[in-house]
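Spelled out, the chains give:
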Amino acid sequence: MSRLFDESLDTDTLDRNTAAALPRSLSESTLADALALADIQINGDRPWDLIIKDRRTIKRSLAYGNLGLGESYMAGWVDIPAIDQFIDRVLRARLDERVGHSVHVKAHALMARVFNHQSPVRAWQVGQRHYDLSNDFYQDMLDRRMTYTCGFWEQAHTLDEAQEAKLDLICRKLELKPGERVLDIGCGWGSFMRFAAERYGVECVGLTISKEQAKLGQALCAGLPVTFRLQDYRDTDESFDKIVSIGMFEHVGHKNYATYMDVVRRCLKPDGLFLLHTIASSDANPTPDEWIDKYIFPNGEIPSFSQIMDAVTGRFVVEDMHNFGADYDRTLMAWHDNFSRVWPKYAQKFGATFERMWRYYLLSCAGTFRARRTHLLQLVLSPAGVVGGYHRPA
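Just so we're clear, the structure is a prediction, and the values are computed from it rather than from any experiment.

1. Quick notes on the overall build of the protein chain
Assigned secondary structure in the protein chain consists of 17 helices and nine strands. By the burial criterion, 56% of the 394 residues in the protein chain qualify as buried. Sequence separation of at least 24 residues holds for 74% of the intrachain contacts in the protein chain that already meet a minimum separation of 6. If you sum the accessible surface of the protein chain, you get close to 16,800 Å²; carbon and sulfur atoms cover 52% of it.

Below, the structure written as structure tokens:
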């Protein structure tokens, strides 16, 4: 894991009562005034309030934004009883825009726009650092099919039901028929391919950049017409009846969106359908979150609506667009519940810093979707338009 800071954490951190009694610095007043716009207090007693135990948290948060706050939380410098509620309030008040103009934050945004952080060489890093973490850990945190993307909760009551509903919805949107050949770009542990092969009688080829996912996934799909390939999407050039990509487009990067769509276009039969399931940002030119990039998904980048449309235009007809991003909040909270339940099993292996990092990841992302600053899109695309029109299944 990356080292948190060059400076070590002081042992004489402050408790809530002591901190509240000390005079405020200018930076603390600046932060307190900003947080007040979201009805958040420093050292307050509500679940979404910020409990500062080390005052370096203040300067780091003002200077480095979510990177500074997230690292402070990981180090135990600050506590936030309900991170999801805190992030929801911060984003709804758009505090990230009010305090996100430091030199460091601007430099990070510029670097993200200039450089291609999702080159063929760098594309494998997220597999090694995130998805290869531990198959056992992910089996305990996720649903029984190991589906590491947003569930569909419209009529579901449990995580297992929500994930099966999502998989079935995708199959119906793709109008899968027995014997068809389907490409899954970013197949994870194969939950979609296994479901589609079992329920709809199709043959599937899945691409992943995670050795651990491929190893376990192939075992889970034993006896089914399902093949896993350790392969970058750019190296694929063969024909498929249908193509699906569920939660992988967030690893592509804006400099590669056109290339990605060209790959899908050349591999999809003229009368085929492509379903893209991706997180999308409300911002026109979103900057990758630096804390998420450093600790969770290296080189990740959430696309905007307009970036997706720019990449699609001239290559596909948009047959259907479905936004159920609010369901990701519920999915992440379910993952967090599972994580909390099984954490004692992994505490010795991963350690206390990992626990705080993982809680910050799951709960801050839940807050982001709750604030409706990020969304979950499913787009159904065709090469030349479905004759007579496409109709989304009920």
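And the narrative resumes.
2. With respect to the nonpolar core
Grouped together as the largest cluster of nonpolar side chains are 70 residues, with contacts concentrated most on Phe86, Met141, Tyr148, Trp291, Trp358 and Tyr361. Sorting elements by how many residues they give to this core places helix 17 (residues 352–370) first, with ten residues. Sequence-distant contacts of Trp291, defined by excluding residues within four places in its chain, comprise Asn66, Leu67, Gly70, Glu71, Met74, Ile296, Met357, Tyr360 and Tyr361. The next biggest cluster of nonpolar side chains, apart from the first, holds 27 residues, and it includes Tyr233, Leu268, Phe274 and Leu377.

3. Examining helix 16 (residues 326–350)
End to end, helix 16 covers just 30 Å across 25 residues, shorter than the expected 36 Å (1.5 Å per residue, more than 12% under). Along its length, helix 16 shows its largest kink, about 65 degrees, at Pro344. At the exit of helix 16 stands Gly351, carrying a positive phi of roughly 90 degrees.

4. A closer look at the sheet that holds strand 5 (residues 226–230)
With mixed pairing, the seven strands of this open sheet are ordered in space as 5-4-3-6-7-9-8. The sheet is open, and its two borders are formed by strand 5 and strand 8 (317–323), each paired with just one other strand. Recorded for the sheet is a direction-independent mean angle of 15 degrees between the axes of neighbouring strands. Pairing between strand 7 (residues 268–281) and strand 9 (residues 374–382): eight bridges, direction antiparallel. Paired with Leu276 across the strands is Leu379, a residue of strand 9.

5. Here we look at the pattern of salt bridges
Tallied over the full model, the rule gives 32 salt bridges. Across the salt bridge formed by Arg46 and Asp39, the nearest N and O atoms sit 3.0 Å from each other. With a shortest N-O distance of 2.6 Å, Asp262 and Arg315 are connected by a salt bridge. Pair noted here: Asp262 is in helix 13 (residues 257–267) and Arg315 is in the loop between helix 15 (305–312) and strand 8, with a separation of 53 residues, a long-range link. Judged by relative accessible area, which is 37%, Asp262 ranks as partly exposed.

6. Some thoughts on the packing of aromatic side chains
On inspection of all chains with the given rule, the structure shows 30 aromatic pairs. With a centroid separation of 4.5 Å and an interplanar angle of 20 degrees, the aromatic rings of Phe350 and Phe354 are classed as stacked. Just as Phe350 is buried, Phe354 falls in that class too. Residue placement shows Arg89 over the ring face of Trp48; its charged tip is 3.8 Å from the ring centre. One residue, Arg356, lies across the ring of Tyr73, its end atom 4.1 Å from the ring centre.

7. Some points on the environment of Phe339
With respect to the element layout, Phe339 can be found in helix 16. Leaving out residues up to four positions away in the same chain, Phe339 has contacts with Phe137, Met141, Phe354, Glu355, Trp358, Arg359 and Leu362.

8. A short note on helix 17
Taking 1.5 Å as the rise per residue, helix 17 with 19 residues should run 27 Å; its terminal C-alpha atoms sit 27 Å apart, in good agreement. Downstream of helix 17 by a residue or two, Arg372 has a phi angle that is positive, lying close to 60 degrees.

Basis of the calculations
Throughout, residues of each chain are indexed from 1 in the direction in which the sequence is written. Where totals are concerned, whole chains, interfaces and linings use all residues; where local detail is concerned, this predicted model gives features only for residues with pLDDT of at least 70, and gives and counts side-chain atom pairs only at 80 or more. The side-chain numbers reported here are obtained from all heavy atoms of the structure, hydrogens and water having been left aside. For the purposes of this entry, the term helix denotes a DSSP run of H or I that reaches at least four residues, the term strand denotes a run of E that reaches at least two, and both are numbered from the N terminus. Burial classes: relative accessible area under 20% of the type maximum marks a residue as buried, over 50% as exposed, and values in between as partly exposed (1.4 Å probe, protein chains only). Any two residues whose heavy atoms approach within 4.5 Å at even a single point are treated as in contact. Shrake-Rupley sampling with a 1.4 Å probe provides the accessible areas, and residues are treated as covered by the protein chains on show and by no other component. The nonpolar core is taken to be a set of buried Ala, Val, Leu, Ile, Met, Phe, Trp, Tyr and Cys residues, with the residues joined through side-chain atoms within 4.5 Å. In a helix, the anticipated span is given by 1.5 Å times the number of residues less one. Bend angle per residue: angle between axes fitted to the 7 residues ending at that residue and the 7 residues starting there. A pair of strands is treated as paired once DSSP finds two or more bridges between them. Here the axes come from fitting lines to C-alpha atoms, over the contacting stretch only for helices, and the angles between their N-to-C directions go from 0 to 180 degrees. Any Lys or Arg side-chain nitrogen located within 4 Å of an Asp or Glu carboxyl oxygen qualifies as a salt bridge. Aromatic contacts are taken between Phe, Tyr and Trp rings whose centres are within 6.5 Å, Trp giving its six-membered ring; a plane angle under 30 degrees counts as stacked, one over 60 as edge-to-face, and the others as tilted. Working rule: Lys NZ or Arg CZ, within 6 Å of ring centre, within 35 degrees of ring normal, means a charge sits over the ring.

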